[in-house]
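So the chains spell out like this:
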Amino acid sequence: MNVFRILGDISHLLAIIILLLNVTSHNPPAGISGKSQILFALVFTTRYLDLFTVFISIYNTVMKVIFLICAYITVYMIYVKFRKTFDSENDSFRLEFLLVPVAGLSFLENYSFTPLEILWTFSIYLESVAILPQLFMISKTGEAETITTHYLFFLGLYRALYIANWVWRYYTENFYDQIAVVSGVVQTIFYCDFFYLYVTKVLKGKKLSLPMPV
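Residues numbered from 1 in each chain as written. Predicted model: local features only at pLDDT ≥ 70, side-chain atom pairs only at ≥ 80, totals over all residues. Heavy atoms only, no water.

Per an unreviewed UniProt entry, the chain carries the name ER lumen protein-retaining receptor and comes from Tauraco erythrolophus. UniProt, in the comment section headed Sequence similarities (unreviewed entry), describes the chain in these words: "Belongs to the ERD2 family." (UniProt positions renumbered as here; feature names shortened; annotations may be inferred.)

Pasting the structure below:
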């Protein structure tokens, strides 16, 4: 396991910790899209079904379990504990616009037409677009709380580090996973504008704001 993957996992874990701090210390959770969290919970569920069939390492197993537990805790906090105060009006992205094409693509483009492989492929494709409801919510409200921007930054950094991980593995192991790489690049592209705003505004102590959609 190379340093880029470890750093990527750390960044992902930091994003989840920040997210949990947000949903447990704010009522309602500050600018968090519950729909994005549902998608991420679905991503982890369909990707980590191999927990029951394959053992890779203690590190791998522990990280998978942590991500799964945290994903469902977050969904529970948003839709159960804080359901009366959650900003559902602005969290209005229609999930079927993502789920239907992703499901269709996972059946058409995969490495093996088996249930576990199709579900793994589905999780990879879905993760590349799971952040869209969150970005849509920010564009709709016109601004984001600082704690939310930190969460998004570390989530985007995790994907960027995984691209470095794939480059490293290609040159050192001659390993190339086209589905994971293309999906990861697509996901990182979605974060590009946010990264620019994060560096130019949030890191300078300013609140991240966006022009309100017409």
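J.: I'd like a description of empty space enclosed by the protein, backed by residues and values.
T.: Throughout the structure, instances matching the rule amount to one cavity of 30 Å³ or more. If you trace the largest cavity, you find it lined by His12, Ile16, Leu19, Gln37, Phe40, Ala41, Phe44, Cys70, Ala71, Thr74, Tyr151 and Leu155. Among the elements of the structure, helix H1 (3-25), helix H2 (34-47), helix H3 (58-81) and helix H7 (146-173) are those that each provide at least two residues to the lining of the largest cavity. Broken down by element, the residue count for the lining of the largest cavity peaks at four residues, all from H2. Partitioning the lining of the largest cavity into residue classes produces nine nonpolar, three polar and no charged. (1 Å grid on protein atoms, 1.4 Å probe; cavity = no way out; pocket = protein on both sides within 12 Å on 5 of 7 lines; lining within 4 Å. Points joined across faces, edges and corners; volume = space filled by probe spheres on them. Helix = DSSP H or I, 4+ residues; strand = E, 2+ residues; numbered from the N terminus. Nonpolar A, V, L, I, M, F, W, Y, C, P; charged D, E, K, R; others polar.)

J.: Account for the packing of helix H4 (residues 96-108) against helix H5 (residues 115-129), naming residues and giving values.
T.: Relative orientation of the contacting elements H4 and H5 amounts to 140°, with a least axis distance of 9 Å. In terms of their interaxial angle, H4 and H5 are classed as oblique. Considering only the axes of H4 and H5, their crossing is right-handed. Residues Leu98, Leu99, Val102, Ala103, Leu105, Ser106 and Phe107 of H4 pack against Ile118, Thr121, Phe122, Tyr125, Leu126 and Val129 of H5. (Axes fitted to C-alpha atoms, helices over the stretch in contact; angles between N-to-C directions. Parallel < 35°, antiparallel > 145°, perpendicular 65-115°, else oblique. Left-handed = near helix turned anticlockwise from the far one by under 90°. Contact = heavy atoms within 4.5 Å.)

J.: Can you lay out the packing of aromatic side chains for me, pointing to particular residues and giving the numbers?
T.: Scanning the model with the defined rule gives 15 aromatic pairs in all. With a centroid separation of 4.4 Å and an interplanar angle of 10°, the aromatic rings of Phe153 and Tyr198 are classed as stacked. Linking Phe153 in helix H7 with Tyr198 in helix H8 (residues 178-200), this pair joins segments that are 45 residues apart in sequence. Between the aromatic rings of Tyr162 and Trp166, the centroid separation amounts to 6.1 Å while the plane-to-plane angle is 80°, which identifies the pairing as edge-to-face. Remark: Trp166 and Tyr162 occur in helix H7; sequence separation between them is four residues, near one turn of the helix. Among the residues examined, Trp166 registers a relative accessible area of 12% and is labelled buried. Three or more aromatic residues link up through ring pairs in this structure, and these residues are Phe153, Phe154, Tyr191, Phe194, Phe195 and Tyr198. Positioned over the ring face of Tyr158 is Arg159, at 4.7 Å from the centre of the ring. Over the ring of Phe175 we find Arg169, and its NZ or CZ is 3.9 Å from the ring centre. (Phe/Tyr/Trp six-rings, centres within 6.5 Å; stacked < 30°, edge-to-face > 60°. Buried < 20%, exposed > 50% of the residue type's maximum accessible area, 1.4 Å probe, protein only. Lys NZ or Arg CZ within 6 Å of the ring centre and 35° of its normal.)

J.: Outline the layout of surface pockets, listing residues and values.
T.: Taken as a whole, the largest pocket encloses approximately 870 Å³ of empty space. Looking at the lining of the largest pocket, the elements that each hand over two or more residues are H1, H2, H3, H5, H7 and H8. Considering each element in turn, the lining of the largest pocket owes the most residues, six residues, to H7.

J.: Run through a nonpolar patch on the surface, naming residues and quoting values.
T.: A cluster of nonpolar side chains, namely Val3, Ile6, Leu7, Ile10, Leu14, Ile17, Leu21 and Tyr59, defines an oily patch on the protein surface of about 650 Å² accessible area. Tallying contributions element by element places H1 first for the nonpolar patch, with seven residues. By secondary structure assignment, the location of Val3 is in helix H1. (Patch = residues over 30% accessible without salt bridge, like charges linked within 9 Å, V, L, I, M, F, W, Y side chains within 5 Å. Areas by Shrake-Rupley, 256 points an atom, 1.4 Å probe, with all protein chains shown as cover. Salt bridge = Lys/Arg side-chain N within 4 Å of Asp/Glu carboxyl O.)

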